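Structural overview for review
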Amino acid sequence: MDVVRSDPANHDRETPGLFLKFANWVSEAMGKPANLAFWFVLVVSWTLVFVLGGPYLASGKWLPRWFTSTGYNFPLNLITTVAELFIGFLVAAAANRAQDALTVLLAHVRAGVQMALLDEIRRRVTAISPNGGLAPPPQGAPKPG
């Protein structure tokens, strides 16, 4: 795993390595409206180039021969498939990192709730018994109640 631990005994203080920093950045960038706008403008521009490009552009004679043959699907699909898989893996790595952070956060919340419950129990026991319930009252002391 690409994680640098500042303290091996303390799993809460992990700092992400280079891969996880990049994965987090890709994941965050994919979820921003600017990313959607960028790709929308790119697709519309690409479409307009061919719609308004005239007969020469529409003929495809300016394209490489392998691109206009029936075999063009392989290299084009290969590139897009690899890019989609790569981005998917980066986003998954960032999602795993977020899940780990959430697990640590929930553990802290659970510990805080347990501590609050213990404090409440201690407060109630102290209110019932003058010695906090730790020892019987000294002889001769008035009984509570």
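Just above, that's the structure.
Residues numbered from 1 in each chain as written. Predicted model: local features only at pLDDT ≥ 70, side-chain atom pairs only at ≥ 80, totals over all residues. Heavy atoms only, no water.

Observations concerning the overall build of the chain
Under the convention used in this document: Only DSSP runs of H or I reaching four residues or more are called helices, and only runs of E reaching two or more are called strands; each is numbered from the N terminus. Relative accessibility under 20% of the residue-type maximum defines a buried residue, over 50% an exposed one, and the middle range a partly exposed one, all with a 1.4 Å probe and only protein chains included. Between two residues, a contact is recorded if the distance between any of their heavy atoms is within 4.5 Å. We get accessible surface area from the Shrake-Rupley algorithm with a probe of 1.4 Å; when it comes to residues, only the shown protein chains can shield them.
Secondary structure assignment for the chain yields five helices and two strands. Its helices and strands taken in sequence order, the chain reads β-β-α-α-α-α-α from the N to the C terminus. Counting every position in the chain, which comprises 145 residues, the buried fraction comes to 10%. For the chain, long-range pairs separated by at least 24 residues make up 44% of all intrachain contacts whose partners lie at least 6 apart in sequence. Put simply, the chain shows about 11,900 Å² of open surface, and 70% of that area lies on carbon and sulfur atoms.

Digging into a nonpolar patch on the surface
Applied cut-off: Here the term patch refers to residues with relative accessible area over 30% and no salt bridge, with like charges joined within 9 Å and nonpolar side chains (Val, Leu, Ile, Met, Phe, Trp, Tyr) within 5 Å. We define a salt bridge as a contact between a side-chain nitrogen of Lys or Arg and a carboxyl oxygen of Asp or Glu at a distance within 4 Å.
A grouping of Phe40, Val41, Val44, Leu48, Val51 and Leu52 is seen on the molecular surface, where their side chains present a nonpolar patch of about 600 Å² in accessible area. Its location among the elements puts Leu48 in helix α2 (residues 33–51). Overall, the relative accessible area of 42% leaves Leu48 in the partly exposed class.

Comments concerning the packing of aromatic side chains
Here is the rule we go by: Stacked, tilted and edge-to-face pairs are distinguished by plane angle, under 30 degrees for stacked and over 60 for edge-to-face with tilted covering the rest, among Phe, Tyr and Trp rings (Trp via its six-membered ring) whose centres lie within 6.5 Å.
Enumeration according to the criterion identifies two aromatic pairs in this entry. Ring geometry for Phe22 versus Trp25: centroids 6.1 Å apart, planes at 20 degrees, classification stacked. Taken together, the residues Phe22 and Trp25, both in helix α1 (residues 18–30) and three residues apart, mark about one turn of the helix. A residue is classified by how much of its surface remains accessible, and Phe22, at 39% relative accessible area, is partly exposed. Looking at Trp25, the relative accessible area reads 56%, which means it is exposed. Aromatic pair Phe38 and Trp39: ring centres 4.9 Å apart, planes at 80 degrees, arrangement edge-to-face.

Considering the pattern of salt bridges
For the coordinates displayed, the defined rule picks out three salt bridges. Here Arg122 ties to Asp119 by a salt bridge, and the two come within 2.9 Å at their closest N and O atoms. A residue pair is termed a helical-turn pair when its members lie 3 or 4 positions apart in one helix, as Arg122 and Asp119 do in helix α5 (residues 73–128) at three residues. The class for Asp119 is partly exposed, based on a relative accessible area of 41%.

Digging into α1
Using the following cut-off: For a helix, the expected span equals 1.5 Å multiplied by the residue count minus one. Directions from the helix axis toward the C-beta atoms define the arc.
A rise of 1.5 Å per residue sets the reference length of α1, with its 13 residues, at 18 Å; its end C-alpha atoms lie 18 Å apart and thus fit the reference within 8%. What α1 keeps buried is the set Leu20, Ala23 and Val26. Angular distribution of buried residues about the axis of α1 spans 120 degrees; they occupy a single face of the element. Residues Leu18, Lys21, Trp25 and Glu28 are exposed on α1 and point more than 90 degrees away from its buried face.

Here we look at the environment of Val91
Structurally, Val91 is set in helix α5. The sequence separation of Val91 and Ala23 amounts to 68 residues, and the corresponding C-alpha distance is 6.0 Å. Leaving out residues up to four positions away in the same chain, Val91 has contacts with Val26, Ser27 and Met30.

Observations concerning the nonpolar core
Grouped burial of nonpolar side chains is what soluble globular proteins tend to show. The following threshold applies: Working definition of a nonpolar core: buried Ala, Val, Leu, Ile, Met, Phe, Trp, Tyr and Cys residues. They are joined through side-chain atoms within 4.5 Å.
Ranked by size, the top nonpolar core spans six residues in total: Leu20, Ala23, Val26, Leu90, Ala93 and Ala94. Those elements that provide at least two residues to this core are α1 and α5. Once residues lying within four places of it in the same chain are set aside, the contact partners of Ala93 are Phe19, Leu20 and Ala23.

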